[in-house]
Amino acid sequence: MNSRAWRGVSWTGGIVLAALVARVFFAQHKGLVLDEFHTLFHASRDSVGALLESLRDDNHPPLAVLLVRASRALFGDSPLALRLPAICCGCLEIVLVASVARRWIGIGAALAVGLVAASSLHLDFSTQVRMYALLALSVTGLLRALLNAMEQEGRHWCLAGWIVLGVHAHYYFFLYGGLLVVMALGLMLGEVRGRARVRALMPALAIGVALCLPWCLWGLTQQIGHGLAPGGDDLGWQGLAEAMVHLLFLNIRVGGEGLRLVFIALAGLGLGLGVFGAWSLMRERSRRGVGILLATAAFGAPLAAFTLATLVPRAGFTWHYILPSLPALALLIARSGELGLPARLASATVFAGALVLSTLNLRGPGTEDYPGAVSVILDEYQAGDLIICVEWQPPIFPIAMPWDYYASRLSADPPQREEMNGTHLRWPDRLDAAPRVFVLASRLPREHGLIRRLEEQFALSRHANFGFGREVYLYSARD
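What comes next is a walk through the structure. (Residues numbered from 1 in each chain as written. Predicted model: local features only at pLDDT ≥ 70, side-chain atom pairs only at ≥ 80, totals over all residues. Heavy atoms only, no water.)

What follows is about the pattern of salt bridges. For the structure shown, the criterion picks out 19 salt bridges. A salt bridge links Asp77 to Arg409; its shortest N-O distance comes to 2.9 Å. With Asp77 in the loop between helix H4 (63-75) and helix H5 (79-105) and Arg409 in helix H18 (residues 401-410), this pair connects stretches of sequence that are 332 residues apart. Ionic pairing is found between Glu257 and Arg260, a salt bridge with its closest N-O pair at 3.2 Å. Of this pair, Glu257 and Arg260 both sit in helix H13 (residues 256-283), three residues apart, roughly one helical turn. Salt bridges here are not isolated pairs; linked through shared partners, they connect Glu153, Glu191, Arg193 and Arg197. (Salt bridge = Lys/Arg side-chain N within 4 Å of Asp/Glu carboxyl O. Helix = DSSP H or I, 4+ residues; strand = E, 2+ residues; numbered from the N terminus.)

In structure tokens form, the structure reads like this:
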């Protein structure tokens, strides 16, 4: 290995290590979001069988939840322990990006790895007790395997493994995997020896699909039938544009309005560089297939997903669903950075902006500050006050999981919350004797009957926001 290659490997290794340290820090520092409590609900079932049964009433396959269950059994239910599977998946994905960059892009490996590591979207969702880091890892692994299959003869049995991981991680893998496999097969069939390569891949693809059938027939079929709404409904062209911006720049409001506009501009610059990088690869005959496959992952899959969700709303669309597009976009931006000084400076500027935003995110409490909300209530609680915790969420999940998780960690003797019947009080008459009422609400509509009754009976003394739709209300008895 020459000195230049060694420097590249050293830089890449340093970025991966820095990404790991940042994710471990963030995982311990930020609050769990409501969706993470949903994963914890499934992962804490009494048995694996009960876990699988509860997931059939939800919208997700089981692998990520099983990994969380295993981590919880080994290390406990601290935020870091619950988030370890996502952290591992995110860091493994960065290593795969480095491998793809060195082999198929060239000297931009450190930049591609840096962009993925510095993305605040990747930072956030590789430190969440959810399935999106596993989905992104599976898609990146499949992308690497397909690039390898387009270049080398062989059976490429690893394709079966990535298919099994992806299908059991998140159903968006059907879209990403389907598009990438069809595109790769089409590119191979256009070559002289393409049919032989395609035939060689069929056993691996068939085995991967066959191994997914048990869950699809037992779990997915019931999930399709129960009609539970998707978790993401950011439809409309603004939703698509926002999702593409968030690939590198998530939670852009943390820097104030001025930096928010800068981050949006840098996101647009990054997308433009990605298009430029794809075009430059496609112009080279030897790398045309690489460019097409990366462009499919970076731009084709989000557009297809958006179109599908527009036509079939239950398919769902939101920014973290297209997290698997980030590695391909980063690789294309890195490629554009090789095409002259202006492009190199532009790509470096995008990286610097992403790094600044991730640093701002690291300093904050996360997008949903349940620890802060619970702490405020615990600090101000007085004997006789009532505490109501309620979330606007699918009815399969119990109410007040955030309070139950954090109150016992923040106080040796936390006050009891009110019992709920869905999103309503089980004992509403207890309001009559209460001097004050605290409400920890998550996306509860202001026109909800509970809120209307409180506003009729009490005066609103204080209201504070603790993230996206996470609010604490303090109501006081009227004189």
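Before going further, it helps to examine the packing of aromatic side chains. Summed over all chains, the structure comprises 15 aromatic pairs. Taking the centre distance of 5.8 Å and the plane angle of 75° together, the rings of Phe306 and Phe317 count as edge-to-face. One end of the pair, Phe306, is in helix H14 (residues 288-311); the other, Phe317, is in the loop between H14 and helix H15 (325-336), and 11 residues separate them in sequence. Considered together, Phe306 and Phe317 belong to a single accessibility category, that of buried residues. The interplanar angle of 85° and the centroid separation of 4.9 Å between the aromatic rings of Tyr405 and Tyr406 together place this pair among those described as edge-to-face. With respect to class, Tyr405 is no different from Tyr406; both count as buried. Members of the aromatic cluster, each reached through a chain of ring pairs, are Phe37, Tyr370, Tyr405 and Tyr406. (Phe/Tyr/Trp six-rings, centres within 6.5 Å; stacked < 30°, edge-to-face > 60°. Buried < 20%, exposed > 50% of the residue type's maximum accessible area, 1.4 Å probe, protein only.)

With that settled, the discussion passes to the nonpolar core. Counting 154 residues, the largest nonpolar core has Phe249, Leu294, Phe317, Ile388, Val437 and Leu454 as the members making the most contacts within it. Element by element, the count of residues in this core is highest for helix H8 (residues 132-151), at 14 residues. (Core = buried A, V, L, I, M, F, W, Y, C linked by side-chain atoms within 4.5 Å.)

Let us look at the layout of surface pockets. Here the largest pocket defines a volume of roughly 1300 Å³. Lining the largest pocket we find 43 residues, and of these Gly231, Thr318, Trp319, His320 and Arg443 sit closest to its centre. Among the elements of the structure, helix H2 (34-43), helix H7 (120-125), helix H12 (237-246) and H13 are those that each provide at least two residues to the lining of the largest pocket. Per-element accounting of the lining of the largest pocket gives the leading share, four residues, to H12. Classifying every residue of the lining of the largest pocket gives 18 nonpolar, 13 polar and 12 charged. (1 Å grid on protein atoms, 1.4 Å probe; cavity = no way out; pocket = protein on both sides within 12 Å on 5 of 7 lines; lining within 4 Å. Points joined across faces, edges and corners; volume = space filled by probe spheres on them. Nonpolar A, V, L, I, M, F, W, Y, C, P; charged D, E, K, R; others polar.)

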